Every structure is written in structure tokens, then in C-alpha cells.
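# Fold and contact review
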Amino acid sequence: FQLNTAADYWLEMAVPDCSEYFENSESLRYALHAAISLFHMSDWVFHTHEATVRASFTFVDRKGSVSPVSEPRNFATALEQQCPDFGLIRGIAHAAKHLKLNDVRPIANAPNHASNTGLHPATLDPKVFSPAVFSTRRRVMLAGANGSDVEFDRILRSVYEMWTSLKSTHGW
């Protein structure tokens, strides 16, 4: 078996990575793998469906002008502008790969360092509080400004749904 298309990548990489995270949501490693897969889906879609992407997507460039997508990086920017959570996934994926980012995404709570995404301890002790009633699990979180941390699970689900919707709309 080989990965040749965006559909192959989706089925063999992105979906399994996300499923593994959802089954092991206390794992930072699974979270980072899922983020990396969902971010890189943009490269696979661009290269597999370049004509459709170029014809269907635009982005606002640094000068404020609306421009057609012409390369994978522009496509990722267009997606980020439509779905800010994709920009968070983009930042998480790049920070996981490079440790520190010089090009921080221009969206709220965008990470600039791998340590911005981490496993937070359970809010309540499962030895004292019932897990059926209270939050007693550790959670992967993206550190936000002024303590407004963002739950990774919410970000990942949002971007997963974005890709599912785009696949349906464009027939990818």
C-alpha cells in the first residue's frame, strides 16, 4: 500500500491519528501526532487537488489584499482565515516540530513554543470525586493569554469537522 492522494492520507494517517488521540486523550504524544496529521492534510489536499484549490480558495495577504491561493502555504493561510482553530493546529504542529516559532500565527492564543501545549493535571482528585460526575481526567491544553487556556480536544474536533465538511463540499 502507498499513500498517493489526500484521500489516502486522510484514511491512513489523519483519521487513525485522531482516533488514537480520542481513545487516549490524556496523551500529549497522541495529541501532537493528531495535530501534525490534520495540519499536513492541507499539503496533501493542495497537491492532490491543486486546480480545485486554486479556483475555490482565496486569502487575505499581509497587505490586506484578497489573493487567490497559489501554493500550499497560501492554502493553509486561507483555511486558517476560515477556521481559526486550523491556525492553532498549524501553530501546535510547527511548534512540536521546531520547538520555538518565530512566525507566530496572527490569531488569538496562537502558540510560539512547544511548551504552550501540555498535559494539565486533573481538576479534581479521582480518589475523592466521582469521575462519573466531576472532571477527574488530565487534559491536553493550549496555553492561552492571561490564563485563558484552550482545551486541545475542542480545537482538534473543530479542525476534524472542518476537513470533513470540506471533503464533502469539494468531493475530496
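Residues numbered from 1 in each chain as written. Predicted model: local features only at pLDDT ≥ 70, side-chain atom pairs only at ≥ 80, totals over all residues. Heavy atoms only, no water.

### Looking at the overall build of the protein chain
For the protein chain, the helix and strand inventory stands at 6 helices and 5 strands. In sequence order, the protein chain lays out its α and β elements as α-α-α-β-β-α-α-β-β-β-α. Per-residue burial for the protein chain yields a buried fraction of 39% across its 172 residues. Intrachain contacts of the protein chain at a sequence separation of at least 6 include 52% that bridge at least 24 residues. (Helix = DSSP H or I, 4+ residues; strand = E, 2+ residues; numbered from the N terminus. Buried < 20%, exposed > 50% of the residue type's maximum accessible area, 1.4 Å probe, protein only. Contact = heavy atoms within 4.5 Å.)

### Let's talk about the nonpolar core
Membership of the largest hydrophobic core comes to 42 residues, with the highest contact counts inside it found for Leu38, Phe57, Phe75, Phe86, Ile89, Phe152 and Trp163. Every element with two or more residues in this core is listed here: helix 1 (6-23), helix 2 (28-48), helix 4 (72-82), helix 5 (84-98), strand 4 (139-142) and helix 6 (152-170). Ranked by the residues each element gives to this core, the list is headed by helix 2, at 8 residues. If we ignore the near neighbours within four places in the chain, the residues touching Phe75 are Ser42, Val45, Phe46, Val53, Phe57, Val69, Trp163 and Trp172. (Core = buried A, V, L, I, M, F, W, Y, C linked by side-chain atoms within 4.5 Å.)

### Looking at unusual backbone geometry
Backbone phi values are negative for most residues with the exception of glycine, while trans is the configuration of most peptide bonds. Phi at Leu99 is positive, roughly 75 degrees, even though this residue is not glycine. Position of Leu99 relative to the elements: it lies in the loop between helix 5 and strand 3 (117-120).

### Some words on the packing of aromatic side chains
Summed over all chains, the structure comprises 11 aromatic pairs. Between the aromatic rings of Phe75 and Trp172, the centroid separation amounts to 6.4 Å while the plane-to-plane angle is 85 degrees, which identifies the pairing as edge-to-face. On the criterion of sequence distance, the pair formed by Phe75 in helix 4 and Trp172 in the segment after helix 6 is long-range, its members being 97 residues apart. The two residues Phe75 and Trp172 agree in class, both being buried. Among the aromatic residues, those joined into a ring-pair cluster are Phe39, Phe57, Phe75, Phe86, Trp163 and Trp172. If you follow Arg29 out to its NZ or CZ, it ends over the ring of Tyr30, 4.8 Å from the centre. Here Arg157 stacks its cationic end above the ring of Phe22, 4.1 Å away from the centre of that ring. (Phe/Tyr/Trp six-rings, centres within 6.5 Å; stacked < 30°, edge-to-face > 60°. Lys NZ or Arg CZ within 6 Å of the ring centre and 35° of its normal.)

### As for the pattern of salt bridges
Considering all chains together, one arrives at 9 salt bridges under this definition. Note that Arg154 is salt-bridged to Asp85, the shortest N-O span being 2.8 Å. With a gap of 69 residues between them, Arg154 in helix 6 and Asp85 in helix 5 connect regions that are remote in the sequence. Exposure remark for Arg154: the relative accessible area of 43% places this residue in the partly exposed category. We note a salt bridge from Glu151 to Arg139, for which the minimum N-O separation is 3.3 Å. Taken together, the residues span a long stretch of sequence, with Glu151 in strand 5 (residues 150-151) and Arg139 in strand 4 at a distance of 12 residues. Among the residues examined, Glu151 registers a relative accessible area of 32% and is labelled partly exposed. Connected via shared salt-bridge partners are Arg62, Arg73, Glu80, Arg90, Asp103 and Arg105. (Salt bridge = Lys/Arg side-chain N within 4 Å of Asp/Glu carboxyl O.)

### Observations concerning the packing of helix 4 against helix 5
A pair of packed helices is characterised by two quantities: the angle between their axes and the separation of those axes. Where helix 4 meets helix 5, the closest approach of the two axes is 5 Å, and the angle between their N-to-C directions is 130 degrees. Our classification of the angle between helix 4 and helix 5 gives oblique. Of helix 5, the residues touching helix 4 (which contributes Arg73, Ala76, Thr77, Leu79, Glu80 and Gln82) are Pro84, Phe86, Gly87 and Arg90. Taken together, the residues of the contact of helix 4 with helix 5 sort by class into 4 nonpolar, 3 polar and 3 charged. (Axes fitted to C-alpha atoms, helices over the stretch in contact; angles between N-to-C directions. Parallel < 35°, antiparallel > 145°, perpendicular 65-115°, else oblique. Nonpolar A, V, L, I, M, F, W, Y, C, P; charged D, E, K, R; others polar.)

### Quick look at the side chain of Thr77
Tracing the sequence through the fold places Thr77 in helix 4. Here the side chain of Thr77 touches Arg90 through a polar contact of 3.2 Å, side chain to side chain. Excluding anything up to four places from it in sequence, Thr77 contacts Phe59, Arg90 and Arg105. (Polar contact = N/O pair within 3.5 Å; in protein donor to acceptor, adjacent residues only side chain to side chain.)

### So, a nonpolar patch on the surface
There is a patch of nonpolar side chains on the surface, built from Phe1, Leu3 and Met13 and spanning about 320 Å² of accessible area. Position of Leu3 among the secondary structure elements: in the segment before helix 1. (Patch = residues over 30% accessible without salt bridge, like charges linked within 9 Å, V, L, I, M, F, W, Y side chains within 5 Å. Areas by Shrake-Rupley, 256 points an atom, 1.4 Å probe, with all protein chains shown as cover.)

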